[in-house]
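# Overview (structure and organization)
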Protein chains: 2
Amino acid sequence: MSAEDVATRLPLVGTIATSGFTTAYPKVIPVAYARRLAEAKASGQRCAVNLYTGASTGEELDGELARSGALRKRLPFQSTPDLRNRINAGEIEFIDMHLSHVAPYIEHGILDPIDAAIIEAVDVTDDGRIYLSTSSGMSPTFISYASEVYIELNTSQPVELKGFHDIFLPELPPHGRPIHINHVDDRIGVPYVRCDPAKIKGIVVTDVREKTPEFKAADDTSRAIGEHVLDFILHEIAKGRLPKNYLPFQAGVGNVANAALSCLAQDSRFGRIRMYTEVLQDSVFDLIDADKLDCASTSALTFSAAGVERFHRDIDDLRARFIIRPQEISNNPEVIRRMGIIAMNTALEADIYGNVNSTHVLGTQMMNGIGGSGDFARNAYVTIFMAPSIAKKGAISTIVPMVSHVDHNEHSTQILVTEQGLADLRGLCPRARAEVVIRKCAHPMYRDALMEYHERALAIAPGKHTPHDLARAFEWHLRLREKGTMQG
Amino acid sequence: MSAEDVATRLPLVGTIATSGFTTAYPKVIPVAYARRLAEAKASGQRCAVNLYTGASTGEELDGELARSGALRKRLPFQSTPDLRNRINAGEIEFIDMHLSHVAPYIEHGILDPIDAAIIEAVDVTDDGRIYLSTSSGMSPTFISYASEVYIELNTSQPVELKGFHDIFLPELPPHGRPIHINHVDDRIGVPYVRCDPAKIKGIVVTDVREKTPEFKAADDTSRAIGEHVLDFILHEIAKGRLPKNYLPFQAGVGNVANAALSCLAQDSRFGRIRMYTEVLQDSVFDLIDADKLDCASTSALTFSAAGVERFHRDIDDLRARFIIRPQEISNNPEVIRRMGIIAMNTALEADIYGNVNSTHVLGTQMMNGIGGSGDFARNAYVTIFMAPSIAKKGAISTIVPMVSHVDHNEHSTQILVTEQGLADLRGLCPRARAEVVIRKCAHPMYRDALMEYHERALAIAPGKHTPHDLARAFEWHLRLREKGTMQG
């Protein structure tokens, strides 16, 4: 079947769910579908499409559908410029969800039902076993709940991906049972998604390659952040507060988290680690090259062009090291709390009391979404948030009096790190937190101003438990908007 | 041993951990201890005591120790006026924690080690089996980690409490294993806490009765809130989104939650339910009288004087209905997510986007603490927050443009209810959330002003995803402080 054939069978008004947690999204059907939607719209037909995915996708899907003007609702995460712009223009409804909530919302029937699932795969058998490509994400649940399933069989993805996946979906309440994953490398499922063959309405073969992200080489700032994190982990081991062979690491998507892991690979004080995360990036190869990776559980692989090449070359060796799981499992509170994860995620801004904003610029503009950070932060053994202390050459302090949006609150943030230093907030009251955050994490150019805010707040606030001066809590954000800088 | 004997053995500078999750706290040793601390302080000795408990306690413990002037640090929850005042005066450090975090913080060695645990019990055997009174809370963990253990054997508590408890503590990472509770009434432990007899340094016998709280009879407002919640649950069952025999209910402490359960007891449309919660209040008897309770799992019992009398009278029947668990289990993310809980907790204020403040008056003054609400809200099947739409005869709108503190954010709040109505926020983007919250939940006297804020924010905000006017986001709170009312 051609992509255009499938596109004609997809609804003008309805709900589409696709594979894709970073790169493994369908790449030709969506382009044809977007073209059809744009034409239908131009001819005056009503078009309104909801798009569900595992997490972020790319231009051929989010970009094309956003530009078609037919996208109405999008969940649970995105990171494509044209889609982001339309969300922030108020044209597209974006539901910014904890990734672990997507499956229950679909299974419980909270969201609109799925008309069609479009899934990238490397193989499909006659009896309906679908072998996914480089992510599992929401695909097993989408396949199970969609009325129709379309497969994009991508021949640029190695068929040797068979065997990486461990597909297991937990039972729903009231039939819930324990998920028997006690260790990162426990496999409890099968390597394919089972689907009623009658539901598979079309298969499109393509060899379109994924667009690969580039990771910036670690700069001094991200290296300094990484070093602080590593020193902290060694300190915790020395204190007997972490096992000698560590606990599994989770690292958020992006350059800072990638750099932290690369630092770990280069650090002779560290031995072999395990990862239990939602996305593996190029840094995993640094770990392997330094003989520092036992095994890694993830929901997706996102490599640079060089990383993809390396992955294809070593794929038979890597099958014993990597496990790709549905996000119901990779982000599951039960498994995360049981194993005890060292969670490292990125903050857009943090305030002096440890509240973290990881989604909203100036409290109003969506960046990408909360993604899985809340699933990990809320249930980890140690919850670490990382950010450079300043942005835009110092016009922005990422440490502010009060964050303009809260994604992770003071109760969940345990460790806050910038290139300036690391603040251990566990067991501290808000006043003590403020002192350590300002002293350890703030950039020197903003330190006095933050301390001044804290002291003024302490003097005038009706409650001294969490001192704030509500009349001036957002003064810095307002100044940034008016004058282009937070500096007074 | 006398309470005074024990008091002389307790440290002037150190850490005390006690039983107590609501009422089951020690009642005579702390009074003697507070007297000793006050005297030592008066004679110029340095006194600085950290106090850890399960959750709230009462006057004989929190009140006395706060007034002694020797309390330095308190966690994880409190609700006693003199203690609260000193916390808000900045004199005592209060660590406001998710209740499910207390055990890991102690086990991992994050908090100062416990010098002495003081535990209310109904029996102790020669071989060190301690039978707890009306709560389990943190007691098993405190007993295990404290250097010394003192028992307050309270003869006013019925020895028939033996058998109510199910004491099981999960293994720590990296040795975590599944917790095999699939149903509310699954018992996986033993009815006592095992303790090395050599560690039990003293037993004080007392017959001091607990001070019982009074629950206000449901007023029109809390009844209306309860009715909206019940209508919603029936609606969800009709839609096939909740099982016909419901899912287990969790209800926060206080009059509103108590009233919601009482409404359920009186409502002929409802059958028998199960509860999986952290505190059982008098409303559980309404459920029993209406033959609407299958079984109830809790970490504590908190009854009025009449409720206590009833409990003592029927104790042999109730043993088959009630299970008292450690808070590591009652508040465990694994068990909560697996069973699928209907979580009903109270908000102090909520904003138009669904962020909830449940702790801080005007963003700065601590009320009681987050308690277990985050443990339940973050992992429940349905997360409901309830509040009257106005307070202080309308001087305060509990629905505000932006909450002054965030305990539960937009990602976790699914249902918001006031006496005005119920807003189902699931699957809605922030703009759509604002409209439904204003229309359904806000009091008519504040509805126009909220819509005006939302529309102005939409017009001027740099991002239309979550429109805010940061310059005026706290205008209502500031007006309340200056003029005593939020009304413009």
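Residues numbered from 1 in each chain as written. Chains lettered and ligands numbered in written order. Predicted model: local features only at pLDDT ≥ 70, side-chain atom pairs only at ≥ 80, totals over all residues. Heavy atoms only, no water.

## Comments concerning the packing of helix α3 (residues 59-68) of chain A against helix α4 (residues 81-88) of chain A
Residues and elements named next belong to chain A. Viewed as axis vectors pointing N to C, α3 and α4 meet at an angle of 40 degrees, and their least axial separation amounts to 7 Å. Compared by their axis directions, α3 and α4 come out oblique. As α3 runs across α4, the sense of the crossing is left-handed. Residues Glu59, Asp62, Ala66 and Arg67 of α3 form the contact with α4, whose participating residues are Pro81, Asp82, Leu83 and Arg86. Among the residues forming the contact of α3 with α4, the class breakdown is three nonpolar, no polar and five charged. (Axes fitted to C-alpha atoms, helices over the stretch in contact; angles between N-to-C directions. Helix = DSSP H or I, 4+ residues; strand = E, 2+ residues; numbered from the N terminus. Parallel < 35°, antiparallel > 145°, perpendicular 65-115°, else oblique. Left-handed = near helix turned anticlockwise from the far one by under 90°. Contact = heavy atoms within 4.5 Å. Nonpolar A, V, L, I, M, F, W, Y, C, P; charged D, E, K, R; others polar.)

## Overview of the relation of the copies chain B and chain A
Mapping between the two chain copies consists of a rotation about an axis together with a translation along that axis. The two copies are related by a screw motion: chain B maps onto chain A through a turn of 180 degrees and a shift of 0.0 Å along the axis, at an RMSD of 0.0 Å. Taken together, the rotation angle and the small translation identify this as a two-fold axis. Across chain B, the smallest distance between a C-alpha and the rotation axis is recorded for Glu334 of chain B, namely 2.0 Å. Interface overlap between copies: 100% of the residues of chain B at the interface are likewise at the interface in chain A, consistent with a symmetric, same-surface contact. (Least-squares fit on C-alpha atoms with pLDDT ≥ 70 in both.)

## Remarks on the interface of chain B and chain A
The interface is formed by 82 residues belonging to chain B together with 82 residues belonging to chain A. Here chain B and chain A share an interface that buries about 7100 Å² over both sides, 55% of which is from carbon and sulfur atoms. The largest per-residue losses of area from chain B upon contact with chain A belong to Arg378, His411 and His465 of chain B, which jointly make up 11% of the total buried on that side. Run the count over chain B and chain A and you get four salt bridges. (Buried area = accessible area lost by both parts, 1.4 Å probe. Salt bridge = Lys/Arg side-chain N within 4 Å of Asp/Glu carboxyl O.)

## Regarding the pairing of strand β1 (residues 13-18) of chain B
Residues and elements named next belong to chain B. With respect to burial, β1 is a largely interior element, five of its six residues being buried. The pairing of β1 with strand β2 (residues 48-52) spans five bridges and is classified as parallel. Bridged to Ile16 within β2 is Leu51. The parallel pair β1 and β2, bridged by helix α2 (residues 29-42), forms a crossover whose chirality is right-handed. (Buried < 20%, exposed > 50% of the residue type's maximum accessible area, 1.4 Å probe, protein only. Pairing = 2+ DSSP bridges. Right-handed = clockwise from strand over helix to strand, strands pointing away.)

## Quick word on the domain arrangement of chain A
Residues and elements named next belong to chain A. Assigned domains of chain A: these are domain 1 (3-206) and domain 2 (220-483). Put simply, the middle of domain 1 and the middle of domain 2, counted by C-alpha atoms, are 28 Å apart. Carbon and sulfur atoms make up 60% of the surface buried where domain 1 meets domain 2, a total of about 3700 Å² over both sides. Looking only at domain 1, the three residues that lose the most surface to domain 2 are Phe164, Ile181 and Val184, adding up to 21% of its buried area. Our count for the contact surface shared by domain 1 and domain 2 stands at one salt bridge. Scanning the region where domain 1 abuts domain 2 turns up 29 residue pairs in polar contact (both at pLDDT 80 or more). Looking at the side of domain 1 that touches domain 2 element by element, the count peaks at five residues for helix α5 (residues 99-107). A per-class count over the side of domain 1 that touches domain 2 returns 21 nonpolar, 19 polar and nine charged. (Domains from an automatic or database assignment. Polar contact = N/O pair within 3.5 Å; in protein donor to acceptor, adjacent residues only side chain to side chain.)

## Things to note about the sheet that holds strand β17 (residues 349-351) of chain B
Residue and element names in this part refer to chain B. One open sheet holds the three strands; their spatial order is β18-β17-β24, and the pairing between them is mixed. Each edge of the sheet is formed by a strand with only one pairing partner; in this case those strands are β18 (356-357) and β24 (399-400). Bridge count between β17 and β24: two bridges; the pairing is parallel. Note that in β24 the partner of Asp351 across the bridge is Val400.

## Comments concerning unusual backbone geometry
Cis peptide bonds are those with omega within 30 degrees of zero, and the linkage from Pro173 of chain A to Pro174 of chain A qualifies with 5 degrees. Mapped onto the fold, Pro174 of chain A is located in the loop between β7 (148-154) and β8 (193-194). The backbone phi angle of Asp291 of chain A is positive, close to 55 degrees, even though this residue is not glycine. By secondary structure assignment, the location of Asp291 of chain A is in the loop between α9 (283-289) and β13 (293-298). At Leu362 of chain B, a position not held by glycine, the phi torsion is positive, near 50 degrees. By relative accessible area, which is 14% here, Leu362 of chain B ends up buried.

## Section: the packing of helix α15 (residues 430-440) of chain B against helix α16 (residues 444-460) of chain B
Residues and elements named next belong to chain B. Remark: α15 packs on α16, axes separated minimally by 9 Å, with the N-to-C direction vectors making an angle of 165 degrees. Between α15 and α16, the crossing angle belongs to the class labelled roughly antiparallel. The chirality of how α15 crosses α16 is left-handed. Taken together, the residues of α16 that come into contact with α15 (itself represented by Arg431, Ala434, Glu435, Ile438 and Arg439) are Arg447, Leu450, Met451, His454 and Leu458. Residue composition of the contact of α15 with α16, by class: five nonpolar, one polar and four charged.

## Here's the deal with the sheet that holds strand β17 (residues 349-351) of chain A
The mixed open sheet is built from three strands, whose spatial order is β18-β17-β24 (chain A). On the outer flanks of this sheet lie β18 (356-357) and β24 (399-400) of chain A, each paired with one strand and no other.

## Remarks on the pairing of β7 of chain A
Within a regular strand, side chains alternate between the sheet's two faces. All names here are of chain A. Within β7, six of the seven residues are buried, which leaves it mostly tucked inside the rest of the structure. In this sheet, β7 lies alongside strand β5 (residues 116-124) in parallel orientation, the contact comprising six bridges. The residue bridging Ile118 from the neighbouring strand is Tyr150, located in β7. Sheet topology note: the β7/strand β9 (residues 200-206) ladder contains six bridges and is parallel. Its bridge partner lying in β9, Tyr150 is registered against Gly202.

## Some thoughts on the packing of aromatic side chains
Tallying each qualifying case throughout the model produces 19 aromatic pairs over all chains. Ring centres of Phe285 of chain B and Phe303 of chain B lie 4.8 Å apart, and the angle between their planes is 45 degrees; on these two criteria the pair is classed as tilted. A residue pair is termed long-range when its members are at least 10 positions apart, and Phe285 of chain B in helix α9 (residues 283-289) and Phe303 of chain B in the loop between β14 (300-301) and α10 (305-313) qualify at 18 residues. Residue Phe285 of chain B is classed as buried on the basis of its relative accessible area, which comes to 5%. Among the residues examined, Phe303 of chain B registers a relative accessible area of 3% and is labelled buried. Through a chain of ring-to-ring contacts, the aromatic side chains of Phe164, Phe285, Phe303, Phe311 and Phe322 of chain A assemble into a single cluster. Taking the ring centre of Tyr192 of chain A as reference, the NZ or CZ of Arg129 of chain A above it sits at 5.4 Å. (Phe/Tyr/Trp six-rings, centres within 6.5 Å; stacked < 30°, edge-to-face > 60°. Lys NZ or Arg CZ within 6 Å of the ring centre and 35° of its normal.)

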